[in-house]
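What follows is each chain in one-letter form.
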Amino acid sequence: MGEKLFHRALFGYRRKDVNAYFESVSEKFAEEGRAKDAELARLRDALASAEREADALRGLREEFENSRNSISKAIIDAETNAVRIIEEAKKSAVEEKRKVQNEIAE
C-alpha cells in the first residue's frame, strides 16, 4: 500500500485524515475480498464442470471397453466357428468322396 502522510493535529494526527485512510484501506481490502470470492466461485464452477466431464469420459471409456471386449469375443467365436465349419466340410467332402468312389467301384 504506499506510505501515507497524515497532517498533524494538537494531540497527534488529524482524526479526519486517519479515519479517511482507514476507510479507504478497508474498502480496498473489501473490494479485493469480493474479487477473490468471485474468482474462487468461478474456479469452483470450473472444477465442478471438469469433474462432470471427467465422469462422462470415464463412462464413455467403459462403454468403449465393453464394446471392444464384445467385438473381440465375437471375432474369436467367428474364428472358432469358421475352423469348425471347415473341419466339418472337409470331413463331409471326404465322406462324400468315399461314397462316390464306392458307387463307381460297384
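Residues numbered from 1 in each chain as written. Predicted model: local features only at pLDDT ≥ 70, side-chain atom pairs only at ≥ 80, totals over all residues. Heavy atoms only, no water.

Student: Describe the overall build of the chain, and please don't skip the residues or the numbers.
Tutor: The secondary structure content of the chain amounts to one helix and two strands. Along its sequence from the N terminus, the chain presents helices and strands in the succession β-β-α. Against the compact-globule benchmark of 13 Å for 106 residues, the chain has a radius of gyration of 43 Å, which places it well outside the compact range. With respect to the three principal axes, the spread of C-alpha positions in the chain is 145 × 20 × 10 Å. Taking all 106 residues of the chain together, the buried fraction comes to 2%. When the accessible surface of the chain is summed, it comes to about 9,900 Å², and 56% of that surface belongs to carbon and sulfur atoms. (Helix = DSSP H or I, 4+ residues; strand = E, 2+ residues; numbered from the N terminus. Rg over C-alpha atoms; globule rule 2.2 N^0.38 Å. Buried < 20%, exposed > 50% of the residue type's maximum accessible area, 1.4 Å probe, protein only. Areas by Shrake-Rupley, 256 points an atom, 1.4 Å probe, with all protein chains shown as cover.)

Student: I'd love a proper account of a nonpolar patch on the surface, names of residues and values included.
Tutor: There is a patch of nonpolar side chains on the surface, built from Leu57, Leu60 and Phe64 and spanning about 320 Å² of accessible area. Here leucine 57 shows up in helix α1 (residues 15-105). (Patch = residues over 30% accessible without salt bridge, like charges linked within 9 Å, V, L, I, M, F, W, Y side chains within 5 Å. Salt bridge = Lys/Arg side-chain N within 4 Å of Asp/Glu carboxyl O.)

Student: I'd like a rundown of a negative patch on the surface, residues and numbers included.
Tutor: A contiguous patch of negative charge, built from Glu95, Glu96, Glu103 and Glu106, is present on the exposed surface. Structurally, glutamate 96 can be placed in helix α1. For glutamate 96, a relative accessible area of 44% translates into the label partly exposed. (Lys, Arg positive; Asp, Glu negative; His and termini not counted. Charge placed at Lys NZ, Arg CZ, Asp CG, Glu CD.)

Student: An account of the pattern of salt bridges is needed here, citing residue identities and associated values.
Tutor: One pass over the structure, following the stated rule, counts six salt bridges. One salt bridge in this structure joins glutamate 65 and arginine 61, with 3.7 Å as the shortest N-O distance. Separated by four residues within a single helix, glutamate 65 and arginine 61 lie in helix α1, roughly one turn from each other. Look at glutamate 65 and you get partly exposed, because its relative accessible area is 34%.

Student: Hey, could you go over the confidence of the model for the chain for me, with residue numbers and the actual values?
Tutor: Mean pLDDT over the chain: 91, with 91% of residues reaching 70 or higher. Per-element confidence in the chain ranges from a low mean pLDDT of 64 for strand β1 (residues 8-9) to a high of 95 for α1. (pLDDT = per-residue confidence, 0-100.)

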